[in-house]
Amino acid sequence: MKKILSLAFALFTFDIAAHHLIIEQPYAKETIPGSKVNSAYMVINNHSDKSLKLLSVTSPISDRIELHEHTFVDQMMKMQQVDAITIEAGDYVALQPHGYHLMIFKPKQALKAGKEIELSLYFDDGSTATIKVPVVGLSKKSNP
Ligand SMILES: [Cu+2]
């Protein structure tokens, strides 16, 4: 299933502003029935010579989106909010399951596989990236 996902999303690449910021393979998970949160993932490339910080994210779909990270504490997976996600110069950061992710609280409509949501990402150098993020199914069955 992972292989199919990465093929499907390789096409979604966003080249932002002065070409120093490239966002690849964004996707959000379909809403789990009964759940009030969603997670979204992507790879953020920083092709500039300065480190960049992702500070905040907004979307028409939710009034509250937080930057989160998963960490292992006493062999338990914990999730915590972070103030920023730093992407070093010439480097990239992958937001992925069990790592950094965007937490979307109380989406105004449940996210459905096959749809898209819009996210705006705000960086500390003043860059803003507004991207379309495809929603993927929770199970293989709901994947196209
Ligand atoms: Cu989270």
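About the criteria used
- Residues numbered from 1 in each chain as written.
- Predicted model: local features only at pLDDT ≥ 70, side-chain atom pairs only at ≥ 80, totals over all residues.
- Heavy atoms only, no water.
- Core = buried A, V, L, I, M, F, W, Y, C linked by side-chain atoms within 4.5 Å.
- Buried < 20%, exposed > 50% of the residue type's maximum accessible area, 1.4 Å probe, protein only.
- Contact = heavy atoms within 4.5 Å.
- Phe/Tyr/Trp six-rings, centres within 6.5 Å; stacked < 30°, edge-to-face > 60°.
- Helix = DSSP H or I, 4+ residues; strand = E, 2+ residues; numbered from the N terminus.
- Lys NZ or Arg CZ within 6 Å of the ring centre and 35° of its normal.
- Donors = N, O, S within 2.8 Å, 3.2 Å for Na, K, Ca; no water.
- Tetrahedral: all angles 85-135°; square planar, octahedral: opposite > 155°, others 65-115°.
- 1 Å grid on protein atoms, 1.4 Å probe; cavity = no way out; pocket = protein on both sides within 12 Å on 5 of 7 lines; lining within 4 Å.
- Points joined across faces, edges and corners; volume = space filled by probe spheres on them.
- Nonpolar A, V, L, I, M, F, W, Y, C, P; charged D, E, K, R; others polar.

1. Quick word on the nonpolar core
In step 1: Ranked by size, the top nonpolar core spans 28 residues in total, and within it Ile-44, Leu-102, Leu-119 and Leu-121 carry the most contacts.
In step 2: Ignoring any residue separated from it by four or fewer positions in sequence, one finds Leu-121 in contact with Ile-23, Met-42, Ile-44, Leu-54, Ser-56, Val-57, Ser-127, Thr-128, Ala-129 and Ile-131.

2. Observations concerning the packing of aromatic side chains
In step 1: Evaluated as defined, the whole model comprises 1 aromatic pair.
In step 2: Ring geometry for Tyr-27 and Tyr-41: centres 5.1 Å apart, planes at 40 degrees, overall tilted. Taken together, the residues Tyr-27 in strand β2 (residues 21–29) and Tyr-41 in strand β3 (residues 37–46) connect sequence positions 14 residues apart. For the pair shown, Tyr-27 and Tyr-41 are each scored as buried.
In step 3: In this structure, Arg-64 packs its charged tip against the face of Phe-105, placed 3.8 Å from the ring centre.

3. Observations regarding the environment of Pro-33
In step 1: For Pro-33, the position within the fold is in the loop between β2 and β3.
In step 2: Taking the C-alpha atoms as reference, Pro-33 lies 8.4 Å from Ala-110; in sequence the two are 77 residues apart.

4. A word on the coordination of the copper ion
In step 1: In the first shell of the copper ion, the protein supplies His-68 (ND1), Met-79 (SD), His-101 (NE2) and Met-103 (SD), at 2.1 to 2.2 Å from the metal.
In step 2: Coordination at the copper ion is tetrahedral, judged from the 4 donor atoms that bind it and the angles of 100 to 118 degrees they form at the metal.
In step 3: Mapped onto the polypeptide sequence, the residues donating to the copper ion form the spacing pattern H-x10-M-x21-H-x1-M. Of this pair, His-68 sits in strand β5 (residues 64–73) while His-101 sits in strand β9 (residues 100–105), and the two are 33 residues apart along the sequence.

5. Some remarks on the layout of surface pockets
In step 1: Put simply, the second largest pocket is a space of about 190 Å³.
In step 2: If you go around the second largest pocket, you meet 13 residues; those closest to its centre are Ile-61, Gln-109, Leu-111, Glu-116 and Ile-117.
In step 3: In terms of residue count, the dominant contributor to the lining of the second largest pocket is strand β10 (residues 116–123) (3 residues).
In step 4: Across the lining of the second largest pocket, the residue classes break down as 6 nonpolar, 2 polar and 5 charged.

All quantities given are derived from atomic positions and should not be read as evidence of function.
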